[in-house]
Number of protein chains: 2
Amino acid sequence: MIKQADQLNFDVLTEMRGGKGEVKVIKLLENDEFHGKGRLFARNVIKPGCSIGFHQHAGDFETYYVLSGEGLVDDNGVKAVVKAGDVIYTNAGESHSIENTGTADLEVIALILYA
Amino acid sequence: MIKQADQLNFDVLTEMRGGKGEVKVIKLLENDEFHGKGRLFARNVIKPGCSIGFHQHAGDFETYYVLSGEGLVDDNGVKAVVKAGDVIYTNAGESHSIENTGTADLEVIALILYA
């Protein structure tokens, strides 16, 4: 099955996980397409100055893959700058946040699978 | 854990799944990072004229998300042109192929999870 770019469902979330501003979450898979293995496969668009707040993953784990832009990540208590091509792996029980500290959109692929 | 872009492992596969030329598979997750839920989360770089051949998914399902470039997909028997932003969902039991029919690299995120 092919879903064209303009057919993908998306949410625009405000203060996501206690973060700042808005994040657009474009869903690459719908919930019933995961065969029960996960709950999010999305392209997240984080505008300059916006963020996803620090939160813990319990029972699942998340991978961010940075497509473009520049951000500041809190990787389970350690802060680091990330850029296109970097992977942030947050295992079950760990926490993370990501903030757009650049001047362009920060775009990341987000994948949440069950642990 | 953060893996910087230049630390990611990759394979360069020749005639992948019976396709043409070479495909570079950049691994965003290693096998032991999936918690048993899947076996591939990668950025595939398919050069002009190259392809991943037609193959069936048995016991797993694959999602391609096109990042850039232009390609021709055989979506379980139906041919379609794909471009940046499109999603190709190949469920367990279904088959697919993808060929770069453009002049720039065709780059796709590939996710294989167990059904």
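Check the entry above for the structure.
The sections below set out a description of the structure shown in this document.

1. Brief notes about the interface of chain B and chain A
Step number 1: Listed by partner, the interface residues are 34 residues for chain B and 34 residues for chain A.
Step number 2: Buried surface at the junction of chain B and chain A, summed over both partners, amounts to about 3100 Å²; 66% is from carbon and sulfur atoms.
Step number 3: Where chain B packs against chain A, one counts 0 salt bridges.
Step number 4: In this structure, the connection of chain B to chain A is made through 16 residue pairs in polar contact (both at pLDDT 80 or more).
Step number 5: Among the secondary structure elements, those contributing two or more residues to the side of chain B that touches chain A are strand E1 (2-3), strand E4 (38-46), strand E6 (60-68), strand E7 (70-75), strand E8 (78-83), strand E9 (87-90) and strand E11 (106-114) of chain B.
Step number 6: Residue composition of the side of chain B that touches chain A, by class: 23 nonpolar, 5 polar and 6 charged.
Step number 7: As paired strands, strand E1 (residues 2-3) of chain A and E9 of chain B are joined by 2 bridges and run antiparallel to one another. Residue Lys-3 of chain A lies in a different strand from E9 of chain B, and its bridge partner there is Val-87 of chain B.

2. Details of the pattern of salt bridges
Residue and element names in this part refer to chain A.
Step number 1: One pass over the structure, following the stated rule, counts 14 salt bridges over all chains.
Step number 2: Between Asp-86 and Lys-83 there is a salt bridge; the shortest N-O distance is 3.4 Å.
Step number 3: With a relative accessible area of 0%, Asp-86 lands in the buried category.
Step number 4: Take Lys-83: its relative accessible area is 44%, and that puts it in the partly exposed class.

3. A short note on the environment of Ser-97 of chain B
Residue and element names in this part refer to chain B.
Step number 1: By the secondary structure assignment, Ser-97 is in strand E10 (residues 95-100).
Step number 2: For Ser-97, a relative accessible area of 15% puts it in the buried group.
Step number 3: Between the alpha carbons of Ser-97 and Gly-59 there is a distance of 18 Å; along the sequence they are 38 residues apart.
Step number 4: Aside from chain neighbours lying at most four places away, what touches Ser-97 is Ile-52, Gly-53, Phe-54, Leu-72, Val-73 and Asp-74.

4. As for the pairing of E7 of chain B
All names here are of chain B.
Step number 1: Summarising the sheet, E7 and E8 pair through 6 bridges and their orientation is antiparallel. Residue Asp-75 lies in a different strand from E8, and its bridge partner there is Val-78.
Step number 2: The hairpin turn running from E7 into E8, its antiparallel successor, is 2 residues long, and Asn-76 in that turn takes a positive phi close to 55°.
Step number 3: Two strands pair when backbone bridges link them, and E7 and E10 are joined in this way by 5 bridges, in the antiparallel orientation. Its bridge partner lying in E10, Asp-75 is registered against His-96.

5. A word on the relation of the copies chain B and chain A
What connects the two chain copies is a rotation about an axis and a shift along it.
Step number 1: Laying chain B over chain A is done by rotating through 180° and shifting 0.0 Å along the axis; what remains is an RMSD of 0.0 Å. Seen this way, the second copy is the image of the first under a two-fold rotation axis. It is Lys-37 of chain B whose C-alpha, among those of chain B, lies nearest the rotation axis, at 3.0 Å.
Step number 2: A share of 100% of interface residues in chain B that are also interface residues in chain A marks the association as one of identical surfaces.

What counts, and at which threshold
Residues numbered from 1 in each chain as written. Chains lettered and ligands numbered in written order. Predicted model: local features only at pLDDT ≥ 70, side-chain atom pairs only at ≥ 80, totals over all residues. Heavy atoms only, no water. Contact = heavy atoms within 4.5 Å. Buried area = accessible area lost by both parts, 1.4 Å probe. Salt bridge = Lys/Arg side-chain N within 4 Å of Asp/Glu carboxyl O. Polar contact = N/O pair within 3.5 Å; in protein donor to acceptor, adjacent residues only side chain to side chain. Helix = DSSP H or I, 4+ residues; strand = E, 2+ residues; numbered from the N terminus. Nonpolar A, V, L, I, M, F, W, Y, C, P; charged D, E, K, R; others polar. Pairing = 2+ DSSP bridges. Buried < 20%, exposed > 50% of the residue type's maximum accessible area, 1.4 Å probe, protein only. Least-squares fit on C-alpha atoms with pLDDT ≥ 70 in both.

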